[in-house]
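A closer look at the structure
Each chain is listed here by its residues.
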Amino acid sequence: MTAERQSREEQEARDAVEAANAALYAALEAGDLDALTDVWVSGADADDVRGAICVHPGWPVLRGRASVLRSYALIMAHTEYIQFFLTDVEVEVLGDVALVTCTENILSGGEAEEEGELGPLVGGRVVATNLFRRTGDGWRLWSHHGSPVLTSGGDDE
């Protein structure tokens, strides 16, 4: 294989992983559990006990496809509005495994006090590590780990 072809294939893999990562956040923003399910490893690659791992900020480790997908269903059911602005996105691909690190700048909204009103908006930042596996169906999320970024009110850095 020529160096040019290898470089092109590596870039195509990085682009595909970045698209799979973007699909995760698009599904969350849309509240689309079916699309989110498609982002994660399938039942052929993960069962209800192992094969998929997720750590939401402040949550214990969730293992197994059913537990992971149930957690997202709960988050979606209790989140009125959410939007992600991803920064510091880095993609590394090694064979059939890819690692994406990024900062999730999150804007979310709660329930309104009165019908027809907008609820309060809250911002936060989470550093995420998303691990993908190349499967027969393309790149699928294998593990998500989110850690909150702690900030102090008086520090500009």
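As the structure is a computational prediction, the values presented were derived from the model and not from experiment.

Take the layout of surface pockets next. Approximately 370 Å³ is the volume found for the largest pocket. Around the largest pocket, the lining is made up of 21 residues, and of these L28, H56, I75, I82 and F84 lie nearest the centre. Elements that contribute at least two residues to the lining of the largest pocket include exactly α1 (3–30), α3 (65–77), β3 (81–94) and β4 (97–109). With five residues, α1 is the largest single contributor of residues to the lining of the largest pocket. Across the lining of the largest pocket, the residue classes break down as 14 nonpolar, four polar and three charged.

Moving on to the nonpolar core. Considering soluble globular proteins, one finds that nonpolar side chains tend to be buried as a cluster. Membership of the largest hydrophobic core comes to 31 residues, with the highest contact counts inside it found for L24, L28, L36, W40 and F132. Residue assignment for this core shows that the elements contributing at least two residues are α1, α2 (33–39), α3, β3, β4, β5 (121–135) and β6 (138–148). Looking at this core, the element that brings in the most residues is α1, giving seven residues. Excluding residues that lie within four positions of it along the chain, L28 makes contacts with L36, Y72, M76, I82 and F84.

The share of residues in the protein chain with pLDDT of 70 or more is 96%, and the mean pLDDT across the chain is 91. When mean pLDDT is compared element by element in the protein chain, strand β1 (residues 53–55) scores highest at 98, while α1 scores lowest at 94.

This part takes up the side chain of H144. Looking at the secondary structure, you find H144 in strand β6. With near-sequence residues (within four places) excluded, H144 lies in contact with Y25, W40, I53, C54, V55, Y72, E104, A128, T129 and N130.

So, on to the environment of A128. For A128, the location among the structural elements is in strand β5. Relative accessible area serves as the criterion here: at 0%, A128 is assigned to the buried category. Residues A128 and S42, 86 residues apart in the sequence, show an inter-C-alpha distance of 21 Å. If near-sequence neighbours (up to four positions away) are discounted, A128 is found in contact with Y25, V100, T101, C102, E104, H144, H145 and G146.

Rules used throughout
- Residues numbered from 1 in each chain as written.
- Predicted model: local features only at pLDDT ≥ 70, side-chain atom pairs only at ≥ 80, totals over all residues.
- Heavy atoms only, no water.
- 1 Å grid on protein atoms, 1.4 Å probe; cavity = no way out; pocket = protein on both sides within 12 Å on 5 of 7 lines; lining within 4 Å.
- Points joined across faces, edges and corners; volume = space filled by probe spheres on them.
- Helix = DSSP H or I, 4+ residues; strand = E, 2+ residues; numbered from the N terminus.
- Nonpolar A, V, L, I, M, F, W, Y, C, P; charged D, E, K, R; others polar.
- Core = buried A, V, L, I, M, F, W, Y, C linked by side-chain atoms within 4.5 Å.
- Buried < 20%, exposed > 50% of the residue type's maximum accessible area, 1.4 Å probe, protein only.
- Contact = heavy atoms within 4.5 Å.
- pLDDT = per-residue confidence, 0-100.

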